[in-house]
Amino acid sequence: WQCDFTTVPLSDWIPRQGAPTVRQALEKLTEEVNGFIGRRYSEAYEEAQLAVRMVDWLVASGGCDSIRPSKSAAILGSEGLWKATERRLLKAWGEIWGDETVVNISQSIFARIASLDEEPTASPAACAGHQTYLSLCKEPGGGHALPWVVAAPLPRS
């Protein structure tokens, strides 16, 4: 993704500056940049939360088939399908998150799932939504935060 909202913003921002030393990277840090970084990472966290909840809701209410890659591509490629999906999403999420945010996040998720977005990095929301789809629909029950724990044999008592 374009930024790692799961960590302290500066620890993610510094290596992205391409400076040979941390000191040189920090020389680029102004109050304005610092404020921007804080807002950007906060928004990324909030939007990723929305994306995960939205995909979970879409799967719970319509099943995995409702957002599979071919269906996601069809939704984005058809004005009628998109408008129907948009109305449904805005009814469920618009009042809480705002219409523009819901539309932008959902379109980025559908594009990522449909593989229309082939960029190596994407917004945290698009990535989180796509990963949620994969966890719920491609490998349900197989996504463990600590895969080595699942793979390790249990000790006998």
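Rules behind the numbers
Residues numbered from 1 in each chain as written. Predicted model: local features only at pLDDT ≥ 70, side-chain atom pairs only at ≥ 80, totals over all residues. Heavy atoms only, no water. Helix = DSSP H or I, 4+ residues; strand = E, 2+ residues; numbered from the N terminus. Buried < 20%, exposed > 50% of the residue type's maximum accessible area, 1.4 Å probe, protein only. Contact = heavy atoms within 4.5 Å. Salt bridge = Lys/Arg side-chain N within 4 Å of Asp/Glu carboxyl O. Disulfide = S-S within 2.5 Å. Core = buried A, V, L, I, M, F, W, Y, C linked by side-chain atoms within 4.5 Å. Axes fitted to C-alpha atoms, helices over the stretch in contact; angles between N-to-C directions. Parallel < 35°, antiparallel > 145°, perpendicular 65-115°, else oblique. Left-handed = near helix turned anticlockwise from the far one by under 90°. Nonpolar A, V, L, I, M, F, W, Y, C, P; charged D, E, K, R; others polar.

**Q** How would you explain the overall build of the chain if you had to name every residue and give the values?
**A** Helix and strand content of the chain: 8 helices and 0 strands. Along its sequence from the N terminus, the chain presents helices and strands in the succession α-α-α-α-α-α-α-α. In the chain, which comprises 157 residues, the proportion classed as buried is 31%. Contacts in the chain between residues at least 24 apart in sequence constitute 63% of all its contacts with a sequence separation of at least 6.

**Q** Can you tell me about the side chain of His130, naming the residues and giving the values?
**A** Of note, His130 is situated in helix α7 (residues 124-138). Not counting residues up to four positions away in its chain, the partners in contact with His130 are Arg112 and Ile113.

**Q** Please give an account of the environment of Trp13 that cites residues and values.
**A** Along the polypeptide, Trp13 turns up in helix α1 (residues 9-13). Taking the C-alpha atoms as reference points, Trp13 and Ile37, separated by 24 residues in sequence, lie 7.8 Å from one another. The residues contacting Trp13, other than those within four sequence positions of it, are Ala25, Lys28, Leu29, Val33, Ile37 and Tyr41.

**Q** Talk me through the pattern of salt bridges; I want residue IDs and the actual numbers.
**A** All chains considered together, the criterion is met by 4 salt bridges. A salt bridge links Arg68 to Asp65, with the shortest nitrogen-to-oxygen separation between them at 2.7 Å. A residue is classified by how much of its surface remains accessible, and Arg68, at 29% relative accessible area, is partly exposed. In this structure Asp65 comes out as exposed when scored by relative accessible area, which is 57%. Salt-bridge contacts for Glu86 lead to Lys83; the nearest nitrogen and oxygen are separated by 3.4 Å. In this pair, Glu86 and Lys83 both sit in helix α5 (residues 79-97), 3 residues apart, roughly one turn of the helix. On the accessibility criterion, Lys83 (38% relative accessible area) is partly exposed.

**Q** Give a detailed account of the state of the cysteines, specifying residues and quantitative values.
**A** What the rule picks out here adds up to 1 disulfide. Residue Cys64 pairs covalently with Cys137 via a disulfide, S to S 2.1 Å. Across the disulfide from Cys64 to Cys137, rotation about the S-S bond amounts to roughly -90 degrees, and the bridge is consequently left-handed. In this pair, Cys64 sits in the loop between α3 (31-62) and α4 (69-77) while Cys137 sits in helix α7, placing the two residues 73 residues apart along the sequence. Given a relative accessible area of 17%, Cys64 falls into the buried group. For Cys137, a relative accessible area of 11% translates into the label buried.

**Q** I'd like a rundown of the nonpolar core, residues and numbers included.
**A** Ranked by size, the top nonpolar core spans 21 residues in total, and within it Met54, Ile67, Leu89, Ile105, Ile109 and Phe110 carry the most contacts. Mapped by element, the contributors of at least two residues to this core are α3, α5, α6 (99-113) and α7. Excluding anything up to four places from it in sequence, Ile67 contacts Val55, Leu58, Val59, Ser72, Phe110, Ile113 and Tyr133. Formed by 5 residues, the second largest nonpolar core is a distinct cluster that contains Trp13, Ile14, Ala25 and Tyr41.

**Q** For the packing of α3 against α6, give the residues involved together with the corresponding values.
**A** Across the interface, α3 lies against α6 with an axial gap of 10 Å and an inter-helix angle of 65 degrees. The angle between α3 and α6 places the two elements in the roughly perpendicular class. The interaxial crossing formed by α3 with α6 has right-handed handedness. Together, Glu47, Leu50, Ala51, Met54, Val55 and Leu58 of α3 and Thr101, Val102, Ile105, Ser106, Ile109 and Phe110 of α6 make up the contact between the two elements. Residues belonging to the contact of α3 with α6 are distributed by class as follows: 9 nonpolar, 2 polar and 1 charged.

None of the figures reported here should be taken as evidence of function without further support.
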